[in-house]
Amino acid sequence: MLAGFQCLDGDFHVPMIGCDDADDVDVIPLEHTAVVAVGVRLSLADFAVGLRAADIPPVPAEDGMGFFIHDYADLIDEVATQRIKEAQQKAFEEHDTPIIVVTIASMARYDHDGDIESLATEWFNQWRIGTQYRPDGSNRGVLVLVSVGDRKARIELGGDWGRDWDAYSQRVMDRDIIPYFKQQQYGRGIANGVESLALMAAAGPDGATPQLQVREPPEPANRNQPGGGIGGLAMC
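Remember, it's a predicted structure, so these values are computed and weren't measured experimentally.

Caption draft 1: Expanded view of the overall build of the protein chain. For the protein chain, the helix and strand inventory stands at five helices and seven strands. Starting at the N terminus, the α and β elements of the protein chain follow one another as β-β-α-β-β-α-β-α-β-β-α-α. In the protein chain, which comprises 236 residues, the share counted as buried stands at 54%. In the protein chain, the proportion of contacts linking residues at least 24 apart, taken out of those at least 6 apart, comes to 78%. In the form shown here, the protein chain has an accessible surface area of approximately 10300 Å², with 50% of it arising from carbon and sulfur atoms.

Caption draft 2: Region of the structure containing unusual backbone geometry. Backbone geometry places D74, a non-glycine residue, at a positive phi of 55 degrees. Tracing the backbone through its elements, the reader meets D74 in the loop between β4 (65-71) and α2 (78-95). Look at Q184: it is not a glycine, yet its phi comes out positive at around 70 degrees. As for its placement among the helices and strands, Q184 is situated in the loop between α4 (166-181) and α5 (186-203).

Caption draft 3: Examining the environment of S138 more closely. Considering the arrangement of structural elements, one finds S138 in the loop between α3 (116-127) and β6 (142-147). Residue S138 is classed as buried on the basis of its relative accessible area, which comes to 13%. Note: C-alpha distance between S138 and W161 (23 residues apart in sequence) is 9.7 Å.

Caption draft 4: Here's a closer look at the packing of aromatic side chains. Under the definition given, this model contains seven aromatic pairs. With a centroid separation of 5.5 Å and an interplanar angle of 90 degrees, the aromatic rings of W165 and Y168 are classed as edge-to-face. Each member of the aromatic cluster is reached from another via a ring pair, and the members are Y72, Y110, W123 and W127.

Caption draft 5: Spatial organisation of the packing of α4 against α5. Where α4 contacts α5, the two axes come as close as 7 Å, and the packing angle between them is 160 degrees. By the angle between their axes, α4 is roughly antiparallel relative to α5. Handedness of the crossing formed by α4 with α5: right-handed. Across the interface between the two elements, Y168, S169, V172, D176, I177, Y180 and F181 from α4 touch Y186, R188, G189, I190, N192, G193, S196, L197, L199 and M200 from α5. Split into classes, the residues belonging to the contact of α4 with α5 amount to 10 nonpolar, five polar and two charged.

Caption draft 6: Region of interest: the environment of G130. Structurally, the position occupied by G130 is in the loop between α3 and β6. Classification of G130 as buried rests on a relative accessible area of 0%.

Caption draft 7: Main features of the pairing of strand β7 (residues 152-157). Here β7 lies mainly inside the structure; five of its six residues are buried. In this antiparallel pair of consecutive strands, β6 and β7, the connection spans four residues, and R151 shows a positive phi of 55 degrees.

Caption draft 8: Layout of α4. Over its 16 residues, α4 runs 21 Å from end to end, which matches the ideal 22 Å to within 8%, given 1.5 Å per residue. Of all the bends in α4, the largest measures some 30 degrees and sits at D174. Within α4 the residues assigned to the buried category are D166, Y168, S169, V172, M173, D176, I177, I178, Y180 and F181.

Caption draft 9: Molecular detail of the confidence of the model for the protein chain. Counting all residues, the mean pLDDT for the protein chain is 76, and 68% of those residues have values of 70 or more. Predicted confidence is poor over residues 14-51, with pLDDT under 50, and the contacts of this stretch with residues over four places away or in other chains come to 124 contacts.

Caption draft 10: Here's a closer look at α3. Between its terminal C-alpha atoms α3 stretches 16 Å, which fits the 16 Å expected from 12 residues at 1.5 Å a residue. Burial analysis of α3 places 11 of its 12 residues in the buried class, which makes it a mostly covered element. Among the residues making up α3, those that are buried are I116, E117, S118, L119, A120, T121, E122, W123, F124, N125 and W127. Note on α3: the residue one or two positions beyond its end, R128, has a positive phi of about 55 degrees.

Caption draft 11: Inspection of the pattern of salt bridges at higher detail. Summed over the entire model, instances satisfying the criterion amount to eight salt bridges. One salt bridge connects R83 with E195, and the closest N-O pair in it is separated by 2.8 Å. Of this pair, R83 sits in helix α2 while E195 sits in helix α5; the two residues are 112 residues apart in sequence, bridging distant segments of the chain. Judged by relative accessible area, which is 24%, R83 ranks as partly exposed. Here E219 makes a salt bridge to R188, at a shortest N to O gap of 3.0 Å. One end of the pair, E219, is in the segment after α5; the other, R188, is in helix α5, and 31 residues separate them in sequence. Through salt bridges with shared partners, a single ionic network connects R83, D176, E195 and R215.

The rules behind these values
- Residues numbered from 1 in each chain as written.
- Predicted model: local features only at pLDDT ≥ 70, side-chain atom pairs only at ≥ 80, totals over all residues.
- Heavy atoms only, no water.
- Helix = DSSP H or I, 4+ residues; strand = E, 2+ residues; numbered from the N terminus.
- Buried < 20%, exposed > 50% of the residue type's maximum accessible area, 1.4 Å probe, protein only.
- Contact = heavy atoms within 4.5 Å.
- Areas by Shrake-Rupley, 256 points an atom, 1.4 Å probe, with all protein chains shown as cover.
- Phe/Tyr/Trp six-rings, centres within 6.5 Å; stacked < 30°, edge-to-face > 60°.
- Axes fitted to C-alpha atoms, helices over the stretch in contact; angles between N-to-C directions.
- Parallel < 35°, antiparallel > 145°, perpendicular 65-115°, else oblique.
- Left-handed = near helix turned anticlockwise from the far one by under 90°.
- Nonpolar A, V, L, I, M, F, W, Y, C, P; charged D, E, K, R; others polar.
- Pairing = 2+ DSSP bridges.
- Expected span 1.5 Å × (residues − 1).
- Bend = angle between axes of the 7 residues up to and from the residue.
- pLDDT = per-residue confidence, 0-100.
- Salt bridge = Lys/Arg side-chain N within 4 Å of Asp/Glu carboxyl O.

The structure is reproduced here in structure tokens:
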């Protein structure tokens, strides 16, 4: 079996067209350690029968250093970027948990014809997102993957988190992320989600489930404004 993780999905129904890739926005240490094999929904046989490997960018780390935000779809504004960076840094430096954010315009751009679950698992494994310097292969990494053109988002958790954090991660998706995506407030939704995942990192795999923050509801999107939306997406 491939290395596997709890994988929580979100499906946000906002019609849109794609956007151009964007440059990385910040650099802090990125893990470069192989992931641990645990339970999984996708097997090696799946690749042998019809699923080809996605064209995922090279591992963005050298000697353990790399970017934690990869906004290829240009969804994250400066205010949201700062919120995300602060939460990521606290989770990593204080709780040994890297939270990696990846946004893409569409899965097809990366030569992926499967679902977001299989792409997130493959992306997690190829980038070796996890906890550095653990010879037993344990893993506390987190990947937040957003495919805006496909209207899909996913949280992928490393094996250390077990099954106990599935419900919490799904609440993060349902309450902190998807309502904002539906109103085209992608940066805000991602920042909300990363902040709540940082609370999970502080609790640790064996800790008590934290309470989600009470947040201001998203403002209704102006769908009639040409070119409206975060990051200059043209909404249709």
